[in-house]
Amino acid sequence: SGAHDYVPKTSLTRLAPAPNEVNWIAGLIETMPPEVRALMGNELAVTPGGFLAIGYAHPFFILLLATWVVRVTSAAVAGEVGAGTMDLLASRPVARWTFLITGLKTVALGLALIVGCGWAGTAIGLRLRPVDVSATSLLPVAGVAWLLFAAFGAVGLLVSALRRDGGQAIGWTTAIIATSFVLDYLARLWGPIAGLRPLSLFRFYEPQVIFASGVPARSFVVLFA
């Protein structure tokens, strides 16, 4: 893309440790504070696949998905009400729930495109620099990323249906996603609030664990519900 602040997934494959480089990277991680090792996934981060999975929790990747969710859901209902165009839409001979379904479909398709582009970048990078990792092994990680933000999309549509102004819907949905992210982050670092982590939807999205062990049934059930 040429943007200096974007770390494409093809770049992560250049940085990922090859199988013969795992030992010295493991030693490097051992010198880091325990809190940092916990965020990186400890021993999972030193494997080539575990390192690549970190990219699916990269702030830029998360921000892209969150931006799409916030923008589309806030416009789906609250934006139309605030602009005064909902009266015209509601006067048409269609059930009103179709507006929500349409919004959810738009969210889902956009998320699929963003996540798909991220995974394609990984696949291209692995073709340019093989590190003994199959691109298909990262598909479950990409799939749960899609499911996580589809869940946030459903929350955003609920917020949008309760607001009468697109700006208010943007503010509330952004706050919910940001609070969820910060709660998960702090709960992993600070023991006294570790028990609050399940209150965050990000608790059910752990890319390295998904790569290593598959999609946990609990994570799928919670996010799908």
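Worth saying up front: this structure is predicted, and the values here are computed from it rather than measured.

A. Expanded view of the side chain of Arg197. Mapped onto the elements, Arg197 comes out in the loop between helix 9 (166-189) and helix 10 (207-213). Judged by relative accessible area, Arg197 falls into the buried class, the value being 13%. Ignoring anything within four residues of it in the chain, the contact list for Arg197 reads Asp184, Ala187, Arg188, Arg203 and Glu206.

B. Looking closely at unusual backbone geometry. In this structure, Asp132 is a non-glycine residue whose phi angle is positive, near 65°. Turning to its location among the elements, Asp132 is positioned in the loop between helix 7 (97-128) and helix 8 (139-162).

C. Region of interest: the packing of helix 8 against helix 11 (residues 217-224). Put simply, helix 8 and helix 11 touch, their axes get as near as 9 Å, and they point 35° apart. Remark: the crossing between helix 8 and helix 11 carries left-handed chirality. From helix 8, Val144, Leu147, Leu148 and Ala151 reach across to helix 11, where they touch Phe220, Leu223 and Phe224. By residue class, the composition of the contact of helix 8 with helix 11 is 7 nonpolar, no polar and no charged.

D. Region of interest: the pattern of salt bridges. Enumeration according to the criterion identifies 4 salt bridges in this entry. Ionic pairing is found between Arg197 and Asp184, a salt bridge with its closest N-O pair at 2.6 Å. Here Arg197 is found in the loop between helix 9 and helix 10, whereas its partner Asp184 is found in helix 9, with 13 residues between them in sequence. For the pair Arg197 and Asp184, one class covers both residues: buried.

E. Spatial organisation of the packing of helix 7 against helix 8. It is the contact of helix 7 with helix 8, at a shortest axis distance of 9 Å, that shows an interaxial angle of 150°. Here helix 7 is positioned roughly antiparallel relative to helix 8, judged by the angle of their axes. Where helix 7 crosses over helix 8, the two elements pack in a sense that is right-handed. Of the residues in helix 8, those in contact with Leu100, Gly103, Leu104, Val107, Ala108, Leu111, Ala112, Val115 and Trp119 of helix 7 are Leu139, Ala142, Trp146, Phe149, Ala150, Gly153, Ala154 and Leu157.

F. The arrangement of the packing of aromatic side chains in detail. Under the defined criterion, the tally for this structure stands at 6 aromatic pairs. One aromatic cluster is present, built from ring pairs that chain together Phe149, Phe152, Phe181 and Phe202.

G. How the structure looks around the environment of Ala145. Mapped onto the fold, Ala145 is located in helix 8. What makes Ala145 buried here is its relative accessible area of 1%. Taking the C-alpha atoms as reference points, Ala145 and Val115, separated by 30 residues in sequence, lie 7.4 Å from one another. With residues near it in sequence (within four places) discarded, Ala145 still touches Phe61 and Tyr205.

H. Seen up close, helix 9. For helix 9, built from 24 residues, the straight-helix expectation of 34 Å at 1.5 Å per residue is met to within 8% by its first-to-last C-alpha distance of 35 Å. Buried within helix 9 are the following residues: Gly166, Ala169, Thr173, Ile177, Ser180, Leu183, Asp184 and Ala187. Measuring from the side-chain oxygen of the N-cap residue of helix 9 to the backbone nitrogen of Gly167 gives 2.9 Å; that N-cap residue is Asp165.

The rules behind each value
- Residues numbered from 1 in each chain as written.
- Predicted model: local features only at pLDDT ≥ 70, side-chain atom pairs only at ≥ 80, totals over all residues.
- Heavy atoms only, no water.
- Helix = DSSP H or I, 4+ residues; strand = E, 2+ residues; numbered from the N terminus.
- Buried < 20%, exposed > 50% of the residue type's maximum accessible area, 1.4 Å probe, protein only.
- Contact = heavy atoms within 4.5 Å.
- Axes fitted to C-alpha atoms, helices over the stretch in contact; angles between N-to-C directions.
- Left-handed = near helix turned anticlockwise from the far one by under 90°.
- Nonpolar A, V, L, I, M, F, W, Y, C, P; charged D, E, K, R; others polar.
- Salt bridge = Lys/Arg side-chain N within 4 Å of Asp/Glu carboxyl O.
- Parallel < 35°, antiparallel > 145°, perpendicular 65-115°, else oblique.
- Phe/Tyr/Trp six-rings, centres within 6.5 Å; stacked < 30°, edge-to-face > 60°.
- Expected span 1.5 Å × (residues − 1).
- Polar contact = N/O pair within 3.5 Å; in protein donor to acceptor, adjacent residues only side chain to side chain.

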